[in-house]
Amino acid sequence: MAKTYAAGVFAALASAKIGTETAYADGSFNFSPFSTSSSTNKAPSAPADVPQPPQPTAAAPEKPKVRNDNPRTTSAGFDPEALERGAKALREINNSKSAKQVFDVIKKQEETRQVELTAKMQEFKALQAQAETERQRVIYDEQKKLAQQQAQIKSQMARYEDELARKRMQAENEHQRARNQELVKMQEESSMRQEAARRATEEQIQAQRRQTEREKAEIERETIRVRAMAEAEGRAHEAKLAEDVNRRILVDRANAEREKWIAAINTTFEHIGGGFRAILTDQNKLVVAVGGVTALAAGIYTTREGARVVWSYVDRILGQPSLIRESSRGKYPWSGFFSRAMSTFSRGANGGSTTKSEKGFGDVILHPSLEKRIQQLANATANTKSHQAPFRNMLFYGPPGTGKTMVARELARRSGLDYALMTGGDVAPLGSQAVTKIHQLFDWSKKSKKGLLLFIDEADAFLCERNKTYMSEAQRSALNALLFRTGDQSKDIVLALATNRPGDLDSAVADRIDEVIEFPLPGEDERFKLIKLYLEKYIAQAGERKPGLFSNLFKKQQQKIEIKGLTDDILREAAARTEGFSGREVAKMMAGVQAAVYGSEDCVLDANLFREVVDYKVAEHQQRRKLAAAEGDK
């Protein structure tokens, strides 16, 4: 029994040892001999007479410690479970009746187990060899990648070194270039210093030369002054001697003249005194003298008053009405002969040229469409007169200064009619005489042989609505008189009205109108043409004498204005800036340019002076508009 127990213990220890060795083989594989089935859980019991394997006496090499994956094992890899199974197997063997058979079975099982373990050990070694091969392959791949990375790094280092070399060369080139520039700059500065020194030397030489010339000129002037003083003193001495002689001669002559006039005056007064004494002493002579003087005074007074009465009658019958401010007809019928003769003489003296062109409207620049309409109206008026047809009355309206009066004058000239101008403001002061003057005006107008264009400027002054409260009875009567004289179409008179407010006209007056023409403010192109026109009139032709017989004898020659740098672009710029200007304002602006030129020292018109005057006039125009707007708001 004791032998059996010892054999079981020996088998358990052997199993434990085998399990320990397998645990030391590899950390990942733990082949326990008592872990597969229930039959293997029994520990083999070796007989007592089985020879024990010799124990190694030499110290085994220390194996590396493995990770303890089994919590039941110790840090050295010993599994106590094998001992437990061995102890359990021993107990079962001791309790069994056939212990030897059991031991043999266990032994055979253990041998089979050992064979399996050997096969597994071989398999493990094959796996270990395969793992080593894989590790070698991984190491080869890593070395290959490392070689590639080293080659890449070496290529990058080469490129970096190349880049550094290139940058270094560029820096050296830049440094060399900067140095060359500095050298060039130093050479230029040296040249400039030499040039400055040379110039300073030349200036010093010139200054010395000028100083020498000034001293020489001063000496010459002093010499001339001394010589002139000596000559002046000689001439003064001679003049003084001559003056004394002349004074004596003049004194003698004056004394002789005085004595002669005194004698003549005494003789005259003696004769007059003798005549008065004779008249006063003789009564008949006194009566005749007083009667003669009285008759002479009465004749003079009677002749003067009679001539005044006769002339007033002639003026009323033949003369021009007082309402007419301007007319192409003479004041008297014989005035036309003298005016035509003088105009013919002046045209002959001027080479037969006229001042007005047949194209355009003189000093008025109109929009092409408006100019075309005025031209058509002038042709229609001329044809109406030639065909003895009734004339058509006209109304011109628009802002002040847009050329209504000048267009009416030019329209009459182109139509072959006479021209007469009156203003509506002259009617109101006439009072009760207004009706009489209106009738005289129309009677005088009918006497024109060519027909007459009667232009009434500021027509709304007395032709406004008759229901106005401020309209006097005299104005209402004058309006009625005009309506009476214009009730029918006339073959002798063309009535042309001009107003800034056409809405204020009486409805009956508006009914007499056949043609209504608006005169707007000039556009940019029209302002450009006006500026060029008045530049020619006020600047370029300033100082030129007008052709005439006596104009060059009694008038002083004016200074001509010189124009510098005034191009069409500058004139167009001024035309663009004068937005809202009327034709009259443009003319005043150019007159201001003329005044500014005459106020300058050199009498030269340049672009700066022109722009300065334009700026001032534009600011003045804007200020007037603001004041007008403020008054309108009030």
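This one's a predicted model, so the numbers in the text were calculated from it and none came from an experiment.

### Section: the packing of helix H11 (residues 524-540) against helix H13 (residues 568-577)
Running from amino to carboxyl end, H11 crosses H13 at an angle of 125°, the nearest separation of the two axes being 8 Å. On the basis of the axis angle, H11 is oblique to H13. Relative to H13, the crossing made by H11 is right-handed. Residues Glu524, Asp525, Arg527, Phe528, Ile531, Lys532 and Leu535 of H11 form the contact with H13, whose participating residues are Asp568, Leu571, Arg572, Ala574, Ala575 and Ala576.

### Details of the side chain of Asp460
By the element assignment, Asp460 lies in the loop between strand E4 (452-457) and helix H9 (473-485). Its relative accessible area of 11% is what places Asp460 among the buried residues. Looking at Asp460, its side chain comes within polar contact range of the side chain of Arg501, at 3.2 Å. Ignoring anything within four residues of it in the chain, the contact list for Asp460 reads Thr499, Asn500, Arg501, Asp504 and Leu505.

### What to know about the nonpolar core
Counting residues in hydrophobic clusters, the biggest one holds 31 residues, and the most contacted among them are Met422, Leu441, Leu454, Ile456, Phe462, Leu463 and Leu497. Those elements giving two or more residues to this core turn out to be strand E3 (418-423), helix H8 (434-445), E4, H9, strand E5 (493-499) and helix H10 (507-511). Apart from the residues within four sequence positions on either side, Leu497 is in contact with Met394, Leu395, Phe396, Ile456, Ala459, Leu463, Val509 and Ile513.

### Describing the packing of aromatic side chains
By the definition in use, this model includes three aromatic pairs. Taking 6.4 Å as the distance between ring centres and 40° as the angle between the ring planes, the aromatic pair formed by Phe396 and Phe455 counts as tilted. Of this pair, Phe396 sits in strand E2 (residues 394-397) while Phe455 sits in strand E4; the two residues are 59 residues apart in sequence, bridging distant segments of the chain. Phe455 matches Phe396 in its accessibility class, with the two residues each being buried. Every member of this aromatic cluster is reached through a ring pair, and the members are Phe396, Phe455 and Phe519.

### Focus: a nonpolar patch on the surface
Among the surface-exposed residues, Trp261, Ile265, Phe269, Ile272, Phe276, Leu280, Leu286 and Val290 lie close enough to one another that they form a single nonpolar patch of about 860 Å² accessible area. For the nonpolar patch, the secondary structure elements donating two or more residues are helix H3 (99-281) and helix H4 (283-318). In terms of residue count, the dominant contributor to the nonpolar patch is H3 (six residues). Topologically, Trp261 is positioned in helix H3.

### Some words on the sheet that holds E3
Within the open sheet, the six strands sit side by side as E1-E3-E4-E5-E2-E6. Their pairing is mixed. Both outer strands of the open sheet, strand E1 (326-327) and strand E6 (515-518), are each paired with one neighbouring strand and no more. Where E1 lies against E3, two bridges are found, and the strand directions are antiparallel. For Glu326, the partnering residue across the bridge sits in E3 and is Leu421. Strand contacts of helix H6 (residues 368-386): E2, E5 and E6, with the helix running at about 150° to E6, the strand carrying the most contacts. Lying over the sheet, H8 contacts E1, E3, E4 and E5, oriented at roughly 150° with respect to E4.

So, how was this worked out
- Residues numbered from 1 in each chain as written.
- Predicted model: local features only at pLDDT ≥ 70, side-chain atom pairs only at ≥ 80, totals over all residues.
- Heavy atoms only, no water.
- Axes fitted to C-alpha atoms, helices over the stretch in contact; angles between N-to-C directions.
- Helix = DSSP H or I, 4+ residues; strand = E, 2+ residues; numbered from the N terminus.
- Parallel < 35°, antiparallel > 145°, perpendicular 65-115°, else oblique.
- Left-handed = near helix turned anticlockwise from the far one by under 90°.
- Contact = heavy atoms within 4.5 Å.
- Buried < 20%, exposed > 50% of the residue type's maximum accessible area, 1.4 Å probe, protein only.
- Polar contact = N/O pair within 3.5 Å; in protein donor to acceptor, adjacent residues only side chain to side chain.
- Core = buried A, V, L, I, M, F, W, Y, C linked by side-chain atoms within 4.5 Å.
- Phe/Tyr/Trp six-rings, centres within 6.5 Å; stacked < 30°, edge-to-face > 60°.
- Patch = residues over 30% accessible without salt bridge, like charges linked within 9 Å, V, L, I, M, F, W, Y side chains within 5 Å.
- Areas by Shrake-Rupley, 256 points an atom, 1.4 Å probe, with all protein chains shown as cover.
- Salt bridge = Lys/Arg side-chain N within 4 Å of Asp/Glu carboxyl O.
- Pairing = 2+ DSSP bridges.

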